[in-house]
Amino acid sequence: MNDSHQDVFDNIKGTVGDVTVDNPKMRLSNVDVFYGEKQAIFDVSLDIANNEVIAMIGPSGCGKSTFLRCLNRMNDTIPTCKVTGEMSLDGEDLYGPNLDTVLLRARVGMVFQKPNPFAKSIYDNVAYGPRIHGLASNRAELDEIVVGSLQKAGLYDEVKDRLDAPGTSLSGGQQQRLCIARTIAVSPEVILMDEPCSALDPIATAKIEELIDELRQNYAIAIVTHSMQQAARVSQRTAYFHLGKLVEVGSTNHIFTNPSHELTENYITGRFG
Amino acid sequence: MSTTSLLLLALCLAFVSFIFGRQKAYAVARAHGGTRALHSLPGHYGLMVGLWCALPALAIIIGWKIFEGPIVSSLLDSSIPQAIHDKGDKAVELYKNEINNLAASGKISEESDAAKVGAANRLNSVRSYSAIALMIFSLAVAVIGAALAYRKIKTDTQARPIVEGIVRFFLVASASIAILTTVGILFSVLFESARFFQQVSIVEFVTGTKWSPQTAIRADQAGSSGSFGAIPLFLGTLLISLIAMLVAVPFGLMSAIYLAEYASPRTRAIVKPLLEILAGIPTVVYGFFAALTVAPLIRKLGESIGLSVSSESALAAGMVMGIMIIPFVSSLSDDVITAVPQAMRDGSSGLGATKSETVRKVVFPAALPGIVGGVLLAASRAIGETMIVVMAAGLAANLTINPLEAVTTVTVQIVTLLTGDQEFDSAKTLAAFALGLMLFITTLILNVIALHVVRKYREQYD
């Protein structure tokens, strides 16, 4: 961090706006994340609400993806990473004994930046989660889950004739919707999306955005995005991260029309980022 | 002047012409306002001149050396007395050899035949004239070639395509060498095998169940006529390779998964090289280990539970061979497992899969094509292995699938057939080539399958 960065960093004092909501689905308080010696997230608190899309925006390296990965403890897969703070799902501690990573990730699903279908058929890709969690007791139930998930992901009509084809044979946008279907198939309560459209063309992006809006009816959704237009289109609440701190949280409308913090305004108006 | 120094001289000339060519290209460029005015880079012009200097001269030197021998030899023919010619070809050869020896040694004793001495002297003078002529001719061609190319350097001379074309030619030539060698090996084995199959029917060889290659050298000698049924050998090879793969595949694969997925970078940095040391141990040492440690151990164990185990058993050889090829399986599998994108592991653990579920259901299937390729390569290695079998499994060609008995393999028989003083026209010796041919075909098929599998499924996850 050079001097000007240091100044900016020191001037971010707490978060502007209300980080809490009534009846939060997930509540994170005073979260710090370290990669080895380096601290990536500084004292961030944020609630995730039901039936709502919260967008996390900010310049590259601001910690928004790292924060997202705290929500389902994906950071555990990185050996040097250390997370401290209080995190809960429906009031249950994420690091408590009753909620190990397997259960947590079944309830908090994740869609990644680059579509990452397994080297399996379309059917097996979607059936993967239900199979490992034993959600279906017979083939008919499994079929039902797979078809239902593909339908919810808006992919079923395109692939219903070739469920045996490898997942990797689909186009990029279809692959990403397959990954969303795969996530839905384990009936999660929260869906995390880490820049789900950054590898996709505008038409595929539009389809995913529509899908996110529909999924909001049933899930709590947190999405990290580089595109401010996307954040404005799909989210109800927006969180602006900068240099590992949460600068401002508020309704999307408020953040994009009348941001309270100078840094947020600079970012929204395109002065950096 | 010897050929070596002539070659060196030609290369020096080529280098000098490269320098001159480049110099001239720079000069031409300066006259036309910078190297941008040239069609190609100055280095290309230099290379063009150098190659024009070296290649024709090299072609002449090589061609000369090829044709010099036969021409000199036919000149020599004319100086051989008719009396020798009448005695037949062998006498002529002998006479020529004597002349050659005389010419080479320069020792002319008093008993030497005057005619021979004269011929030897003529031979020497022809050779020295030839050497001088070659030197003058090739160097002249080199200089003329360089000069012609040098004169051609203008702004629009297309030197780059010429140089690129020649580079391409050398690359193609290098690639052909490996292929031509394979073809050459195949043919040399094929012709000897054909000679074998003239004496022993191919049906008997492929379907016979008795292997006893001892044949009597003289007709009046007591001894068996020899039987050449290759099935016991191939069954023995199959048995030992199978035992080896049963050891190598599970252990190799599991250590690969441990190294790629579970081990910390520190552990990996220590364990992986240690495992690869296994591949560096000479097979003879494995042979000692199998014959002196493993085989007696198996025998004792077997006898303690009431089994009869021969002191040289397929099991001992196969197990030790399996340990030897563990690094092939583990190292190749480790590479392909590591190459599976992290995104796929994240996708799986993001759905709540445990580490072992991720490995078994996502990483392993994605890496499977590469793993199969590695296993098949290890199998070819096991089939071709000789030393451990010689020392630990014996030489008896038993037709058995009992791993506790002594068996022998194709490669071991080839070695025993070809070592020692042998006649090269007996069926016994020629059988080695037929065995080699069949082994070659077997491993070739395995390799083709391996390549096909790897190619078909490669990059499926990208």
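Residues numbered from 1 in each chain as written. Chains lettered and ligands numbered in written order. Predicted model: local features only at pLDDT ≥ 70, side-chain atom pairs only at ≥ 80, totals over all residues. Heavy atoms only, no water.

With that settled, the discussion passes to the overall build of chain A. Scanning chain A from terminus to terminus reveals eleven helices and ten strands. In terms of overall size, chain A behaves like a compact globule, its C-alpha atoms giving a radius of gyration of 19 Å where 273 residues would be expected to give roughly 19 Å. In terms of overall dimensions, chain A has C-alpha extents of about 60 × 45 × 35 Å along its principal axes. Counting only residues that meet the buried cut, chain A has 56% of its 273 residues in that class. Taking as baseline every contact in chain A between residues at least 6 positions apart, the subset at least 24 positions apart corresponds to 67%. Just so you have it, chain A exposes about 11600 Å², and 46% of that area is on carbon and sulfur atoms. Charge separation in chain A, taken as the distance between the mean sites of 25 positive and 35 negative side-chain charges, equals 4 Å. (Helix = DSSP H or I, 4+ residues; strand = E, 2+ residues; numbered from the N terminus. Rg over C-alpha atoms; globule rule 2.2 N^0.38 Å. Buried < 20%, exposed > 50% of the residue type's maximum accessible area, 1.4 Å probe, protein only. Contact = heavy atoms within 4.5 Å. Areas by Shrake-Rupley, 256 points an atom, 1.4 Å probe, with all protein chains shown as cover. Lys, Arg positive; Asp, Glu negative; His and termini not counted. Charge placed at Lys NZ, Arg CZ, Asp CG, Glu CD.)

Our focus in this paragraph is unusual backbone geometry. Residues apart from glycine generally show negative phi values, whereas peptide bonds are mostly found in trans. Residues and elements named next belong to chain A. Backbone geometry places asparagine 51, a non-glycine residue, at a positive phi of 50°. Its location among the elements puts asparagine 51 in the loop between β2 (38-49) and β3 (53-57). You can call asparagine 51 partly exposed: its relative accessible area is 40%. Positive phi, close to 50°, is recorded for aspartate 90, a residue that is not glycine. For aspartate 90, the location among the structural elements is in the loop between β4 (81-89) and β5 (92-93). In this structure aspartate 90 comes out as partly exposed when scored by relative accessible area, which is 42%.

Okay, the packing of aromatic side chains next. Residues and elements named next belong to chain B. Applying the stated rule across the entire model yields 13 aromatic pairs over all chains. Seen in terms of ring centroids, tryptophan 64 and phenylalanine 137 are 6.3 Å apart; in terms of plane orientation they differ by 50°. Their pairing is tilted. With tryptophan 64 in helix α2 (residues 42-78) and phenylalanine 137 in helix α5 (residues 114-151), the pair connects residues that are 73 residues apart, well separated along the chain. Given the relative accessible area of 42%, phenylalanine 137 is considered partly exposed. With 5.5 Å between their ring centres and 70° between their planes, phenylalanine 197 and phenylalanine 205 make a pair best called edge-to-face. Here phenylalanine 197 falls in the partly exposed class, since its relative accessible area comes to 23%. (Phe/Tyr/Trp six-rings, centres within 6.5 Å; stacked < 30°, edge-to-face > 60°.)

This part covers the packing of helix α4 (residues 122-133) of chain A against helix α7 (residues 172-184) of chain A. Residues and elements named next belong to chain A. Where α4 meets α7, the axes come as close as 7 Å, and the angle between the chain directions of the two elements is 35°. In the packing of α4 onto α7, the handedness of the crossing is right-handed. When α4 is examined against α7, the residues Ile122, Asn125 and Val126 are found in contact with a partner set consisting of Leu178, Ala181 and Arg182. In terms of residue class, the contact of α4 with α7 is made up of four nonpolar, one polar and one charged. (Axes fitted to C-alpha atoms, helices over the stretch in contact; angles between N-to-C directions. Left-handed = near helix turned anticlockwise from the far one by under 90°. Nonpolar A, V, L, I, M, F, W, Y, C, P; charged D, E, K, R; others polar.)

Counting residues in each nonpolar core, the largest one holds 73 residues, and the members touching the most others are B:Phe196 and B:Leu435. Only α4 of chain A together with α8 (231-262), α10 (283-304), α11 (314-339), α13 (355-384), α14 (387-392), α15 (410-418) and α16 (427-457) of chain B provide two or more residues apiece to this core. Looking at this core, the element that brings in the most residues is α13(B), giving twelve residues. Those residues within four positions of B:Leu435 in sequence are excluded, and the remaining contacts are B:Phe205, B:Trp211, B:Ala230, B:Leu233, B:Phe234, B:Val410, B:Gln413, B:Ile414 and B:Leu417. Within the second largest apolar cluster, 45 residues are counted, among which are A:Ile12, A:Ala153, A:Ala165 and A:Tyr240. (Core = buried A, V, L, I, M, F, W, Y, C linked by side-chain atoms within 4.5 Å.)

Once that is clear, we can look at the sheet that holds β2(A). In a beta sheet, neighbouring strands pair by backbone hydrogen bonds and run either parallel or antiparallel. Residue and element names in this part refer to chain A. Read from one edge to the other, the open sheet built from four strands follows the order β2-β1-β4-β5, with strand pairing classed as antiparallel. Unpaired on one side and paired on the other, β2 and β5 mark the two borders of the sheet. With two bridges joining them, β4 and β5 adopt antiparallel strand pairing. Following the sheet pairing, serine 88 is matched in β5 by aspartate 93. (Pairing = 2+ DSSP bridges.)

Every contact between the two is made by 22 residues of chain A and, on the other side, 19 residues of chain B. Regarding the contact of chain A and chain B, the summed buried area is about 1700 Å², with carbon and sulfur atoms giving 60% of it. When residues of chain A are sorted by the area they lose upon contact with chain B, A:Ala119, A:Tyr128 and A:Ile132 head the list and together hold 30% of the total. Here chain A and chain B share zero salt bridges between them. Applying the counting rule to chain A against chain B returns four residue pairs in polar contact (both at pLDDT 80 or more). (Buried area = accessible area lost by both parts, 1.4 Å probe. Salt bridge = Lys/Arg side-chain N within 4 Å of Asp/Glu carboxyl O. Polar contact = N/O pair within 3.5 Å; in protein donor to acceptor, adjacent residues only side chain to side chain.)

Take the sheet that holds strand β8 (residues 220-224) of chain A next. Residue and element names in this part refer to chain A. If you walk across this open sheet you meet the six strands as β6-β7-β8-β3-β9-β10, and the pairing is mixed. The open sheet has two edge strands with one neighbour each: β6 (108-111) and β10 (245-251). Sheet twist, expressed as the mean angle between neighbouring strand axes with direction ignored, is 20°. Each of β6 and β7 (190-194) touches α7; the most contacted strand, β6, lies at about 170° to it.

Helix length check: α2(B) (37 residues) gives 54 Å between terminal C-alpha atoms against 54 Å at 1.5 Å per residue, within 8%. The largest bend in α2(B) comes to about 35°, at B:Glu68, with the proline B:Pro70 one to four residues further on. (Expected span 1.5 Å × (residues − 1). Bend = angle between axes of the 7 residues up to and from the residue.)

A few words on the pattern of salt bridges. Opposite charge on two side chains permits them to pair, given that their charged atoms come into close proximity. Summed over all chains, the structure comprises 22 salt bridges over all chains. Ionic pairing is found between B:Glu261 and B:Arg345, a salt bridge with its closest N-O pair at 2.8 Å. In this pair, B:Glu261 sits in helix α8 while B:Arg345 sits in helix α12 (residues 342-350), placing the two residues 84 residues apart along the sequence. For the pair formed by B:Glu261 and B:Arg345, the shared burial category is buried. By sharing partners, the salt bridges in this structure join A:Lys25, A:Asp90, A:Glu92, A:Arg107 and A:Glu189 into a single network.

The next thing to look at is a nonpolar patch on the surface. Side chains of B:Ile62, B:Ile66, B:Phe67, B:Ile71 and B:Leu75 sit close together on the surface and give an oily, nonpolar patch of about 530 Å² of accessible area. Residue position: B:Phe67 is located in helix α2. (Patch = residues over 30% accessible without salt bridge, like charges linked within 9 Å, V, L, I, M, F, W, Y side chains within 5 Å.)

Turning our eyes to something else, we now look at the environment of B:Val92. Along the chain, B:Val92 turns up in helix α4 (residues 89-105). Spatially, the C-alpha atom of B:Val92 lies 9.5 Å from that of B:Pro81, the residues being eleven residues apart in sequence.

A few words on the packing of α2(B) against helix α6 (residues 159-199) of chain B. Residue and element names in this part refer to chain B. Between α2 and α6, whose axes approach to 8 Å, the crossing angle comes to 55°. Taken together, α2 and α6 sit at an angle that is classed as oblique. Seen from above, α2 lies across α6 with left-handed handedness. Contacts between α2 and α6 involve His44, Tyr45, Leu47, Met48, Leu51 and Leu55 from the former and Ala159, Arg160, Ile162, Val163, Glu164, Ile166 and Phe170 from the latter. When its residues are assigned to classes, the contact of α2 with α6 shows ten nonpolar, one polar and two charged. (Parallel < 35°, antiparallel > 145°, perpendicular 65-115°, else oblique.)

Attention now moves to the side chain of A:Arg69. In this fold, A:Arg69 is placed in helix α2 (residues 64-70). Residues within four places of A:Arg69 in sequence aside, it is in contact with A:Met74, A:Asn75, A:Thr77, A:Ile78, A:Met110, A:Phe112 and B:Asp346.

For a regular strand, side-chain orientation follows a simple rule: the groups alternate between the two sheet faces. Residue and element names in this part refer to chain A. Of all five residues making up β8, five are buried, and the element is well covered by its neighbours. By the alternation rule, side chains of β8 split into Ala220, Ala222 and Val224 and Ile221 and Ile223, which are all buried. Relative to β8, β3 is paired through four bridges, and the arrangement is parallel. By the bridge assignment for β8, alanine 55 is matched with isoleucine 223. Bridge analysis of β7 against β8 gives five bridges, and the strand direction is parallel. Looking at β8, one finds that methionine 193 is bridged to isoleucine 223. Taken together, β7, helix α8 (residues 202-215) and β8 form a β-α-β motif whose crossover is right-handed. (Right-handed = clockwise from strand over helix to strand, strands pointing away.)

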